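If you want the building blocks of each chain, they are given just below.
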Amino acid sequence: MTKFSPSESALEGFRITRERPGTILVWSLVYFVGIMVIAMIMLSALGPDFIKFVQKGGLESGDASAYGAMLQKHKFSFLLVIVISIALMSVLMGGIYRLALRPSEKGLAHLRLGADELRLTIVNLALFTVGLLFLVLTYTVTAVAGPLGVLVSLALAVGMIWAGVRLLLATPMTFAEHRIAIVDSWRLTKGHFWSLFGMTILAIIFYVMVWLLFSIISAATVALAGGQEAIANPANLAPLAIVAFVATLIVQLLLPILQVVMIYSPLAEAYRELTGAPRG
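Scoring rules and cut-offs
Residues numbered from 1 in each chain as written. Predicted model: local features only at pLDDT ≥ 70, side-chain atom pairs only at ≥ 80, totals over all residues. Heavy atoms only, no water. Salt bridge = Lys/Arg side-chain N within 4 Å of Asp/Glu carboxyl O. Helix = DSSP H or I, 4+ residues; strand = E, 2+ residues; numbered from the N terminus. Buried < 20%, exposed > 50% of the residue type's maximum accessible area, 1.4 Å probe, protein only. Patch = residues over 30% accessible without salt bridge, like charges linked within 9 Å, V, L, I, M, F, W, Y side chains within 5 Å. Areas by Shrake-Rupley, 256 points an atom, 1.4 Å probe, with all protein chains shown as cover. Phe/Tyr/Trp six-rings, centres within 6.5 Å; stacked < 30°, edge-to-face > 60°. Lys NZ or Arg CZ within 6 Å of the ring centre and 35° of its normal. 1 Å grid on protein atoms, 1.4 Å probe; cavity = no way out; pocket = protein on both sides within 12 Å on 5 of 7 lines; lining within 4 Å. Points joined across faces, edges and corners; volume = space filled by probe spheres on them.

**A short note on the pattern of salt bridges**
Under the defined criterion, the tally for this structure stands at 14 salt bridges. Between R119 and D116 there is a salt bridge whose closest N-O contact spans 2.8 Å. Of this pair, R119 and D116 both sit in helix α7 (residues 115-166), 3 residues apart, roughly one helical turn. Among the residues examined, R119 registers a relative accessible area of 19% and is labelled buried. According to the relative accessible area criterion, D116 is buried, its value standing at 11%.

What follows is the structure, given as structure tokens:
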């Protein structure tokens, strides 16, 4: 049985970040622009009802019935936003996999819009749908079956984790082999559950470490500038407050894309090691 190193694969995000900081910055800007476009589409598609819902604290309320009513009323708009969001993530994922597996292929910082990205979007939509069905089923069982439902829900959660790990390499395999490879990735991960699970946990821990480091640096910079009040008004900033404002903005731009890089790039390395595929 082919083996791979979970720790080495989990470090792939650090390698890419260290070797390609300019690429990471471009991805951050692309992600930011994409999120702004999605936000405008959401506001335009959902209309004034959604704006009122947000202004009244609907997003923070945790009211499942309010969420359900809003979703039911604007289900097609929400579906559109979900598809566009997954497509944006698939484009970024394609850039990560291209840099990790086929670095000779160029583009805008290795980002492209093509058949690879379309296939990744289809696979991600399929995985998202399966995960959503698992969550709905778990919530329904817990709500209906009482104490026994909690045990059943825990069993379902364990099953979801197991299935998720077994399907972990569906996206890099789909990208690398130019075809939808959900079933084949299930076969590829057979016998590697614990290694892949450990790799995922390590990748998450590494990202949390990066998040803590960035957060500490950002907080220290803001504190030196005089606190949040000192940077609250960008039009009237002291020199040190300008530095703190810029540092905070950079951190907010970088952290989301660093999360994507550090979580998904290990998948490409795991695929490469398990299949013996060459880099490049």
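**Quick notes on a nonpolar patch on the surface**
Taken together, I201, I204, I205, V208, M209, W211, L212 and I216 make up a surface patch of nonpolar side chains, about 710 Å² in accessible area. With respect to the element layout, I216 can be found in helix α10 (residues 193-224).

**Brief notes about the packing of aromatic side chains**
Across all of its chains, the model carries 6 aromatic pairs by this definition. Both rings, one in Y97 and one in F175, keep their centres 6.0 Å apart while their planes meet at 55°; by these two values the pair is tilted. Placement of the pair is Y97 in helix α6 (residues 75-101) and F175 in helix α8 (residues 170-177), with a sequence separation of 78 residues. Across this residue pair, the class does not change: Y97 and F175 are buried. Ring centres of F193 and W194 lie 4.9 Å apart, and the angle between their planes is 85°; on these two criteria the pair is classed as edge-to-face. The class for W194 is exposed, based on a relative accessible area of 66%. Through a chain of ring-to-ring contacts, three or more aromatic side chains come together here, namely F193, W194 and F197. Cation over ring: R166 sits above W186, and NZ or CZ is 4.3 Å from the ring centre.

**Regarding the layout of surface pockets**
Estimated volume of the largest pocket: approximately 1000 Å³. Lining the largest pocket are 30 residues, with N124, L127, G164, L168 and Y264 positioned closest to its centre. Of all the secondary-structure elements, those providing two or more residues to the lining of the largest pocket are α6, α7, α10 and α11 (239-275). Of all the elements, α7 adds the most residues to the lining of the largest pocket, at 13 residues.

**Some remarks on the environment of G276**
Within the fold, G276 resides in the segment after α11. Using a relative accessible area of 58% as the deciding quantity, one classes G276 as exposed. Sequence separation between G276 and F4 is 272 residues, and the spatial gap between their C-alpha atoms is 9.9 Å.

**Considering the environment of G191**
Note that G191 resides in the loop between α9 (182-188) and α10. Sequence separation between G191 and R166 is 25 residues; the distance between their C-alpha atoms is 9.3 Å.

**Observations concerning the environment of Q252**
Along the chain, Q252 turns up in helix α11. Sequence-wise, Q252 and S215 are 37 residues apart; in three dimensions their C-alpha atoms are separated by 9.5 Å.

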